[in-house]
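Okay, here's what each chain looks like letter by letter:
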Amino acid sequence: AQSVTQPDIHITVSEGASLELRCNYSYGATPYLFWYVQSPGQGLQLLLKYFSGDTLVQGIKGFEAEFKRSQSSFNLRKPSVHWSDAAEYFCAVGTNTGNQFYFGTGTSLTVIP
Amino acid sequence: EPEVTQTPSHQVTQMGQEVILRCVPISNHLYFYWYRQILGQKVEFLVSFYNNEISEKSEIFDDQFSVERPDGSNFTLKIRSTKLEDSAMYFCASSRGTLLGNTIYFGEGSWLTVV
């Protein structure tokens, strides 16, 4: 069965510091992987997605993620965090047999000055 | 940027009452979805809708749930007889095509509290 694990429920980083949010997935075939962000009072906004090809994908707002099949991971990174990045981040996997996502429980990011 | 809008943003209802959550998907989108997130748990798929019919649904989407596209713009989720465990944030989403190669846009969510 498909599943997504985000091991970190809450992360606090200083503004300007680097960030890595972890995501591990379980899926028998090639996964389609996504990162969404939800700011307070906002909907889920797509940051980036991986379908195939280059395993390092670039997204909006300076985020990138790397697909590592051997580790079943799709970690999200940003070299320098801004205060506006404080939000809830969701990793999700989509399957090639359907049209639905399986989400992780989310990681809440706090940015301190 | 186009957006999916949902109403109400928050609703409190008595157990056993019927609730309708409304969504206005992006105008040229063809696929519509409902997801929900119980507090502290994962965002879970409920149902997808295409060409005026349900295309997929999860085990959560039992007989007490229904979806409808009553006109050209709205997409609704009805819960016939709410239970305490239906308390959750409900997200509507839409996309032009299937998730492969298309971006799915989510609304801000409707927070349902059943008391």
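The structure displayed is predicted, hence computed values, not measured ones. (Residues numbered from 1 in each chain as written. Chains lettered and ligands numbered in written order. Predicted model: local features only at pLDDT ≥ 70, side-chain atom pairs only at ≥ 80, totals over all residues. Heavy atoms only, no water.)

Asker: Please clarify how the state of the cysteines should be interpreted in this entry.
Answerer: As used here, a disulfide is simply a covalent bond connecting the sulfur atoms of two cysteines. All names here are of chain A. Tallying each qualifying case throughout the model produces two disulfides over all chains. The disulfide bridge from C23 ends at C91, spanning 1.9 Å between sulfur atoms. One disulfide, between C23 and C91, carries an S-S torsion of -65 degrees and so falls in the left-handed class. Remark: C91 occurs in strand 10 (residues 87–94) and C23 occurs in the loop between strand 3 (19–21) and strand 4 (24–26); sequence separation between them is 68 residues. (Disulfide = S-S within 2.5 Å. Helix = DSSP H or I, 4+ residues; strand = E, 2+ residues; numbered from the N terminus.)

Asker: Explain the sheet that holds strand 1 (residues 5–7) of chain B here, please?
Answerer: Each strand in a sheet pairs with its neighbour through backbone hydrogen bonds, running either in the same direction (parallel) or in the opposite one (antiparallel). Residue and element names in this part refer to chain B. Judged by pairing direction, the sheet is antiparallel, and its four strands sit side by side in the order 1-3-8-7 without closing on themselves. Lying at the two open borders of the sheet, with one neighbouring strand each, are strand 1 and strand 7 (65–68). Shown here is a sheet whose adjacent strand axes are inclined to one another by a mean of 20 degrees, direction ignored. Direction of pairing for strand 1 relative to strand 3 (residues 19–24): antiparallel, over a ladder of three bridges. Residue pairing in the sheet places T5 in a bridge with V24 of strand 3. (Pairing = 2+ DSSP bridges. Axes fitted to C-alpha atoms, helices over the stretch in contact; angles between N-to-C directions.)

Asker: Can you help me understand the nonpolar core in this one?
Answerer: In terms of nonpolar packing, the biggest core is built from 27 residues, with L19, W35, L47, L48, F74, L76 and Y89 of chain A touching the most fellow members. With four residues, the top contributor of residues to this core is strand 10 of chain A. If sequence neighbours within four positions are ignored, L47 of chain A has contacts with W35, Y36, V37, G59, I60, K61, F63, L76 and Y89 of chain A. In this structure, V19, L77, A88 and C92 of chain B belong to the second largest nonpolar core, which totals 23 residues. (Core = buried A, V, L, I, M, F, W, Y, C linked by side-chain atoms within 4.5 Å. Buried < 20%, exposed > 50% of the residue type's maximum accessible area, 1.4 Å probe, protein only. Contact = heavy atoms within 4.5 Å.)

Asker: Explanation requested: the packing of aromatic side chains in the structure shown.
Answerer: The geometry of an aromatic ring pair is captured by the separation of the ring centres together with the interplanar angle, meaning the angle of the planes. Applying the stated rule across the entire model yields 23 aromatic pairs over all chains. Seen from their ring centres, Y31 of chain B and Y50 of chain B are 4.3 Å apart, and the 10 degrees between their planes marks the pair as stacked. On the criterion of sequence distance, the pair formed by Y31 of chain B in strand 4 (residues 31–37) and Y50 of chain B in strand 5 (residues 43–50) is long-range, its members being 19 residues apart. On the accessibility criterion, Y50 of chain B (33% relative accessible area) is partly exposed. Between the aromatic rings of W34 of chain B and F75 of chain B, the centroid separation amounts to 6.0 Å while the plane-to-plane angle is 25 degrees, which identifies the pairing as stacked. Of this pair, W34 of chain B sits in strand 4 while F75 of chain B sits in strand 8 (residues 75–79), and the two are 41 residues apart along the sequence. Note on accessibility: W34 of chain B and F75 of chain B belong to one class, buried. In textbook terms, an aromatic cluster arises when at least three aromatic residues are bridged by ring pairs, as seen for Y32, F34, Y36, F51, F90, F101 and F103 of chain A together with Y35, F45 and F106 of chain B. (Phe/Tyr/Trp six-rings, centres within 6.5 Å; stacked < 30°, edge-to-face > 60°.)

Asker: Sorry, what's going on with empty space enclosed by the protein here?
Answerer: Sizing a probe to match a water molecule and rolling it over the atoms shows the empty space that remains. If you walk through the whole model with that rule in mind, you get one cavity of 30 Å³ or more. In the lining of the largest cavity, the residues fall into five nonpolar, two polar and two charged. (1 Å grid on protein atoms, 1.4 Å probe; cavity = no way out; pocket = protein on both sides within 12 Å on 5 of 7 lines; lining within 4 Å. Points joined across faces, edges and corners; volume = space filled by probe spheres on them. Nonpolar A, V, L, I, M, F, W, Y, C, P; charged D, E, K, R; others polar.)

Asker: Please clarify how the layout of surface pockets should be interpreted in this entry.
Answerer: Considering only enclosed or pocket space, the largest pocket measures out at about 470 Å³ in volume. Every residue lining the largest pocket is counted, 23 residues in all, and those nearest its centre are Q42, G43 and L44 of chain A together with E3 and F106 of chain B. Elements supplying a minimum of two residues to the lining of the largest pocket: strand 5 (32–38) and strand 6 (44–50) of chain A together with strand 1 and strand 10 (105–106) of chain B. If one sorts the elements of the lining of the largest pocket by residue count, strand 6 of chain A sits on top with three residues. Per-class residue counts for the lining of the largest pocket are nine nonpolar, eleven polar and three charged.

Asker: Help me out: how do you make sense of the interface of chain B and chain A in this one?
Answerer: The figure often quoted for interface size is the accessible area lost as the parts come together. Counting residues at the interface gives 20 residues for chain B, matched by 24 residues for chain A. When the buried area of chain B at its contact with chain A is split by residue, K42, L99 and F106 of chain B rank highest and sum to 31% of it. Seen at the junction of chain B and chain A, the total is zero salt bridges. Here chain B and chain A share four residue pairs in polar contact (both at pLDDT 80 or more) between them. At the level of secondary structure, the elements contributing two or more residues to the side of chain B that touches chain A comprise strand 4 and strand 5 of chain B. By residue number, the principal contributor to the side of chain B that touches chain A is strand 4 of chain B, which donates four residues. Here the residues of the side of chain B that touches chain A are counted per class, giving ten nonpolar, seven polar and three charged. (Buried area = accessible area lost by both parts, 1.4 Å probe. Salt bridge = Lys/Arg side-chain N within 4 Å of Asp/Glu carboxyl O. Polar contact = N/O pair within 3.5 Å; in protein donor to acceptor, adjacent residues only side chain to side chain.)

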